[in-house]
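# Examining the three-dimensional arrangement
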Amino acid sequence: MYQTTYHRPSTVQEAASLLASAEDVKLLAGGQTLIPTMKQRLAAPANLIDLGRIAELKGITVSGGTVTIGAGTTHAEVHTSADVKAAIPALAKLAGGIGDPHVRHLGTIGGSVANNDPAADYPSAVLGLGATVVTTKREIPADDFFAGMFTTALEEDEIIVRFVFPVPRKAAYAKFANPASRYAMTGVFVAVTGDGVRVAVTGAGSDGVFRWMDAEAALASDLSPSALDGLSLDPSGMLSDIHGDAAYRANLVKVMAKRALAALG
Amino acid sequence: MGVEGIGARVTRKEDRRFITGKGRYTDDIVLKDTTYGVFVRSPHAHAKILSIDTTAAKAAPGVIEILTGADLAGDRIGGLICGWMIHSRDGTPMKAGAHPAIAHERVRHVGDQVALVIAETKAQARDAAELVEVDYEILPAVVDPARAMDADAPLIHDVAPSNLIFDWVLGDEEATEAAFAKAAHVVELDIINNRLSPNPMEPRSAIGYYDEAEEHYDLYTTSQNPHVARLVLSAFVGIAPEHKLRVVAPDVGGGFGAKIYIYPEETACLWASKRIGGRPVKWTSDRTEAFLTDCHGRDHVTKAKLALAEDGTFLALRSDTIANIGAYMSTFSSATPTYLHGTLLSGQYVIPAIFTNVKAVYTNTTPVDAYRGAGRPEATYIVERLVETAARQLGMDPAELRRKNFIRQFPYQTPVILTYDAGDFEANLDKALAAVDYAGFPARKAEAKTRGKLRGIGFSSYIEACGIAPSQAVGSLGSGVGLWESAEVRVNPVGTVEILTGSHSHGQGHETTFAQLVNERLGIGLNNVQIVHGDTDKVQFGMGTYGSRSGAVGMSAIVKALDKVEAKAKKIAAHLMEASEADIVIEDGELKVAGTDKKLPFFQVALAAYTAHNLPAGMEPGLKESAFYDPTNFTYPAGTYICEVEVDPDTGKTEIVQFVAVDDFGRIINPMIVEGQVHGGLAQGIGQALMEGVSYDPESGQLLTGSYMDYCMPRADDVPSFKVDHVTTLCPGNPLGMKGCGEAGAIGSPPAVINAITDAIGNNNLSMPATPAKVWAAINAA
Ligand SMILES: Cc1cc2nc3c(=O)[nH]c(=O)nc-3n(C[C@H](O)[C@H](O)[C@H](O)COP(=O)(O)OP(=O)(O)OC[C@H]3O[C@@H](n4cnc5c(N)ncnc54)[C@H](O)[C@@H]3O)c2cc1C
């Protein structure tokens with residue numbers, strides 16, 4: 001790791017002004033992605049702004065058909081939250097399947113979504129549930145937030161404050177873990193909402209998380225796994241690497257989508 | 001056996017230290033005035049070094065010195081050697097290219113060391129290393145062994161045309177081909193034995209220290225065999241004569257073979273310490289460096305075939321292998337694909353004619369050397385995949401085809417050098433069949449089908465040659481060293497005992513098992529025994545630990561030294577108790593006159609030996625004996641493993657639902673430790689079969705599996721709860737009847753797993769690692 005200057009704001013306001021004023025700066029949340037990258041000297045911010053002590057970024061509240069989760073809430077907190085379990089059990093389950101206990105007790109939902117790793121779990125829930133990303137500057141609908149691998153609509157001086165998840169009628173997440181990293185080789189989040197069915201896929205697409213529109217259309221009239229039987233995905237849009245080629249991933253999307261549907265109950 | 005003797009399940013003495021974080025590893029050692037070394041490593045798989053500019057780096061804060069391959073060549077420091085000579089079929093010696101401790105003029109794999117930056121702190125050394133400017137002319141690279149001999153492949157070492165190091169044969173080619181010509185059945189397989197990264201938990205580390213006043217060097221290093229390191233660094237690299245070089249391998253956190261070799265960094269740190277005027281130079285690998293520079297294992301490409309008579313009797317076996325040696329020949333790299341591999345191709349079977357050809361090639365990859373099993377897993381994989389395939393092809397039960405061809409008479413001379421001394425292969429098989437409930441398999445398969453799962457069963461009846469001795473035999477096969485072991489038993493005046501052993505423990509539990517042996521003999525309790533190892537200044541000599549040799553060879557040396565101690569103690573006791581020496585027995589820590597109530601505690605005899613006030617006439621004082629032990633044969637652990645899997649046809653994911661391992665290790669000193677060794681070996685073998693594989697980009701030669709994000713290590717939930725059991729036939733070749741247990745799990749398990757998966761999916765064309773993606777593709781190709 002290179003030398004860096006560490007800042008510890010105690011309010012979002014303070015963090016935002018530091019972010020706007022400092023040169024060559026990075027936000028630090030759970031550090032589960034950023035710190036390893038810095039240790040390998042692949043990232044070398046001159047300034048680090050630690051969001052870890054900001055109370056406003058933490059916590060989970062349920063009201064009026066939404067679940068609001070602060071950006072600084074850890075995976076473990078989401079996983080074990082009685083409120084999340086009651087309102088969106090699929091989200092609690094997803095959080096409990098991220099990494100290992102160490103990672104889950106440090107890593108945050110804000111860090112994960114801001115990073116938008118193409119194999120991360122959370123982006124599929126944010127997109128699948130049609131959540132709203134609330135930042136220091138605006139409210140961004142999930143459909144406008146993800147912009148390809150490791151890319152989002154966030155501006156340089158923008159901080160995610162919280163996520164607002166509409167409570168679905170039903171939802172389920174099915175993950176096929178990469179055998180080495182245990183990130184998602186393919187993860188499919190299916191949500192049935194008042195407006196229809198949303199199917200969001202992570203781990204498989206070469207542009208990161210995406211909605212499988214053909215599946216959503218097929219499921220509009222029939223929610224059973226067999227509704228997907230006639231569908232297939234074009235492998236040309238899929239990731240291909242030493243763990244699995246595009247054809248395999250295209251297959252996994254369908255298999256995992258069916259498993260999520262079966263789990264909807 | 002007693003509660004702490006041979007055969008007792010004693011918890012490990014050393015674990016208190018390890019579990020409480022009190023282990024003392026090389027990186028924990030901080031000598032006065034230590035400096036820190038960081039290597040600048042090649043980012044290219046193959047390139048010419050046009051120039052190295054260290055000006056900016058030298059000016060960086062804290063930098064003491066920057067050394068390059070040119071400096072090393074200028075000081076006439078010798079290159080690293082390969083210690084096992086192999087001759088090609090035409091009689092010519094292997095073609096080993098130079099292996100300097102810091103690359104000079106050319107780099108040959110990603111991670112090859114190019115310069116050593118020494119600074120006051122590690123962070124300063126790392127910062128400065130980034131400022132070293134190396135100008136490379138990139139050359140084409142080859143990483144695939146099957147392509148290394150192609151006409152258009154780049155030449156890696158000028159001394160080895162076509163990148164061919166040796167073209168070695170073993171066995172009778174004519175008789176083998178004749179048997180194939182008239183065989184009723186011929187079974188053929190193309191096999192890739194995947195390249196593995198050993199991944200010991202403790203990364204490699206070295207501290208070189210030159211004492212100017214004494215002209216003496218100390219090396220602290222993560223080694224499985226410190227004496228061999230000293231020998232090579234003295235005799236070949238030319239650091240200093242042996243009496244001027246001490247090598248210490250303190251606690252070592254796992255080796256698996258990867259810490260046998262004498263590595264470039266050790267030479268560099270020793271030499272650098274002298275260059276900077278005698279301050280110690282410490283280097284510790286990070287995990288990325290470990291992936292790039294720790295020797296890899298396996299990496300064979302093989303064509304194999306088995307000839308059978310109409311009734312399934314084996315007639316002949318042939319294999320033709322290309323073995324990837326990597327960019328340089330590591331210390332024992334030539335032995336692994338030859339004498340540790342070709343000699344095991346008879347497996348547990350009567351096979352009248354066997355022939356094998358191994359072509360060893362250079363590629364632009366990390367050097368390959370012995371890794372847990374070393375050559376024997378590759379041989380076992382060939383034999384056991386062929387046998388299972390034959391059973392399917394002939395419509396025979398795989399267990400019964402094995403049974404039909406088992407060797408039953410011992411000693412048995414195979415057509416490939418080895419003479420198996422003892423075993424009961426059928427007993428292993430029967431015990432495994434019972435444990436797995438073979439008769440119930442069809443019902444389990446049918447039930448799995450109702451859940452949409454493909455269930456399969458696979459066998460592997462392995463045999464290995466362990467001990468890696470006798471010296472005369474290994475010498476005649478090309479080993480540069482003898483492979484005996486030495487031990488010293490020091491009885492202190494108070495009757496406690498220190499065992500100085502040339503074996504080296506890096507996870508095996510010697511501090512417990514060796515003490516159990518002493519307790520069995522002297523009855524003085526485990527806490528009165530201390531095991532000393534890993535320091536050339538303390539231990540007289542040793543060949544180290546690998547090849548499952550610490551029990552069969554290392555403990556045998558202790559037995560010999562104990563014999564001498566006992567003989568002398570009995571003489572003293574007889575003298576003191578005025579009895580006949582022949583009547584003295586040692587029991588429960590006492591020397592007794594048989595048939596009487598006369599006795600002396602062991603400590604009083606020890607004290608008498610040191611006070612020397614009243615010893616038999618002419619006897620030297622003291623009670624300390626040493627011994628060297630050189631066995632008369634290898635040892636032959638053998639067993640049968642049965643793996644049962646369920647494959648999910650939708651995702652290709654394999655779950656191991658049952659794994660039975662029945663091993664014959666001869667005498668077992670501590671069943672708990674032996675089971676632990678088997679569990680670990682099985683996890684590594686299952687890792688090879690299902691998940692592990694080093695991958696390089698075929699064009700650029702970049703390592704694609706350079707972290708655990710991509711290199712898939714098995715974790716606890718990837719392996720099932722094993723059913724481990726034993727059959728015991730004693731090894732007639734050593735005093736304790738031990739065969740060795742360290743490698744069996746890794747040797748026997750890969751073919752059992754692949755045989756099970758291919759049985760489940762009905763497609764025999766599947767290579768390791770059988771990842772979900774590959775299995776899914778195989779299902780859909782079937
Ligand atoms: C061993 C291991 C296993 C893992 N397994 C999984 C897995 O299975 N599935 C999975 O999805 N993930 C996995 N992860 C990643 C983990 O979930 C991380 O916690 C997550 O990706 C990043 O969250 P963080 O809080 O640690 O963010 P950090 O590492 O601190 O930051 C990540 C990035 O987000 C930015 N950032 C952080 N907070 C904000 C904010 N509020 N607003 C704007 N930008 C912000 C940072 O500047 C940085 O660029 C794993 C990580 C490890 C180390």
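Residues numbered from 1 in each chain as written. Chains lettered and ligands numbered in written order. Predicted model: local features only at pLDDT ≥ 70, side-chain atom pairs only at ≥ 80, totals over all residues. Heavy atoms only, no water.

## Digging into the packing of aromatic side chains
Residue and element names in this part refer to chain B.
- For the structure shown, the criterion picks out 23 aromatic pairs over all chains.
- Between phenylalanine 291 and tyrosine 708, the aromatic rings sit 5.2 Å apart at their centres with planes inclined by 70°, giving edge-to-face as the arrangement. Of this pair, phenylalanine 291 sits in helix H8 (residues 287-293) while tyrosine 708 sits in the loop between helix H17 (671-691) and strand S28 (723-726), and the two are 417 residues apart along the sequence.
- For phenylalanine 291, a relative accessible area of 2% puts it in the buried group.
- On the basis of relative accessible area, tyrosine 708 is assigned to the partly exposed category, the value being 32%.
- With centroids separated by 5.1 Å and ring planes inclined at 55°, the aromatic side chains of tyrosine 420 and tyrosine 636 adopt a geometry described as tilted. Placement of the pair is tyrosine 420 in strand S17 (residues 419-420) and tyrosine 636 in the loop between strand S25 (624-629) and strand S26 (638-647), with a sequence separation of 216 residues.
- Taking relative accessible area as the criterion, tyrosine 420 reaches 0% and is therefore assigned buried.
- Counting every residue linked through ring pairs, the aromatic cluster contains Phe314, Tyr349, Phe406, Phe410 and Phe425.
- Sitting over the face of the ring of phenylalanine 180, lysine 305 holds its NZ or CZ atom 4.5 Å from the ring centroid. (Phe/Tyr/Trp six-rings, centres within 6.5 Å; stacked < 30°, edge-to-face > 60°. Helix = DSSP H or I, 4+ residues; strand = E, 2+ residues; numbered from the N terminus. Buried < 20%, exposed > 50% of the residue type's maximum accessible area, 1.4 Å probe, protein only. Lys NZ or Arg CZ within 6 Å of the ring centre and 35° of its normal.)

## Points about the site of the ligand
All names here are of chain A.
- Of all residues adjacent to the ligand, which total 28 residues, the nearest are Leu27, Gly31, Gln32, Thr108 and Asp121.
- Between the ligand and lysine 175 there is a distance of 3.2 Å, counted from an oxygen atom to a side-chain nitrogen or oxygen.
- Here a nitrogen atom of the ligand sits 2.8 Å away from a polar atom, N or O, in the side chain of tyrosine 183.
- Here the ligand has 970 Å² of accessible area as a free molecule, and 90% of this is covered by the chains.
- Of all the secondary-structure elements, those providing two or more residues to the shell around the ligand are strand S2 (25-28) and helix H7 (109-115).
- Counting residues domain by domain, the shell around the ligand receives three or more from each of domain 1 (5-50) and domain 2 (58-264). (Near = heavy atom within 4 Å. Polar contact = N/O pair within 3.5 Å; in protein donor to acceptor, adjacent residues only side chain to side chain. Areas by Shrake-Rupley, 256 points an atom, 1.4 Å probe, with all protein chains shown as cover. Domains from an automatic or database assignment.)

## Remarks on the domain arrangement of chain A
Residues and elements named next belong to chain A.
- On domain assignment, one finds that chain A holds domain 1 (5-50) and domain 2 (58-264).
- Counting residues at the interface gives nine residues for domain 1 and 13 residues for domain 2.
- A buried area of about 790 Å², summed over both sides, lies between domain 1 and domain 2, and 74% of it is on carbon and sulfur atoms.
- In this structure, the connection of domain 1 to domain 2 is made through zero salt bridges.
- Counting the contacts that link domain 1 with domain 2 gives zero residue pairs in polar contact (both at pLDDT 80 or more).
- The element that contributes the greatest number of residues to the side of domain 1 that touches domain 2 is helix H1 (residues 12-21), accounting for four residues.
- Looking at the side of domain 1 that touches domain 2 residue by residue, the classes come out as six nonpolar, three polar and no charged. (Contact = heavy atoms within 4.5 Å. Buried area = accessible area lost by both parts, 1.4 Å probe. Salt bridge = Lys/Arg side-chain N within 4 Å of Asp/Glu carboxyl O. Nonpolar A, V, L, I, M, F, W, Y, C, P; charged D, E, K, R; others polar.)

## Points about the interface of chain A and chain B
- Contacts between the two partners involve 22 residues from chain A, matched on the other side by 23 residues from chain B.
- Regarding the contact of chain A and chain B, the summed buried area is about 1800 Å², with carbon and sulfur atoms giving 53% of it.
- Three residues, A:Arg41, A:Arg182 and A:Ile242, lead the burial of chain A against chain B; their summed loss comes to 31% of the area buried on that side.
- The interface formed by chain A and chain B contains six salt bridges.
- The shortest N-O distance in the salt bridge between A:Arg182 and B:Asp717 comes to 2.9 Å.
- Applying the counting rule to chain A against chain B returns ten residue pairs in polar contact (both at pLDDT 80 or more).
- It is helix H11 (residues 246-264) of chain A that contributes the most residues to the side of chain A that touches chain B, seven residues altogether.
- Split into classes, the residues belonging to the side of chain A that touches chain B amount to twelve nonpolar, six polar and four charged.

## A short note on the pairing of strand S21 (residues 529-532) of chain B
Residues and elements named next belong to chain B.
- Sheet topology places strand S20 (residues 497-501) next to S21; four bridges connect them, and they run parallel. Bridging across to S21, leucine 500 finds its partner in valine 532.
- What joins S20 to S21 is helix H14 (residues 510-522), and the crossover it makes is right-handed. (Pairing = 2+ DSSP bridges. Right-handed = clockwise from strand over helix to strand, strands pointing away.)

## Quick notes on unusual backbone geometry
All names here are of chain B.
- Of note, the bond from phenylalanine 410 into proline 411 is cis; its omega dihedral lies within 30 degrees of zero at -5°.
- Turning to its location among the elements, proline 411 is positioned in the loop between helix H10 (398-405) and strand S16 (412-413).
- Of note, the bond from methionine 768 into proline 769 is cis; its omega dihedral lies within 30 degrees of zero at -10°.
- The phi dihedral of arginine 298 is positive, around 65°, even though this residue is not glycine.
- With respect to the helices and strands, arginine 298 occurs in the loop between H8 and strand S13 (300-308).

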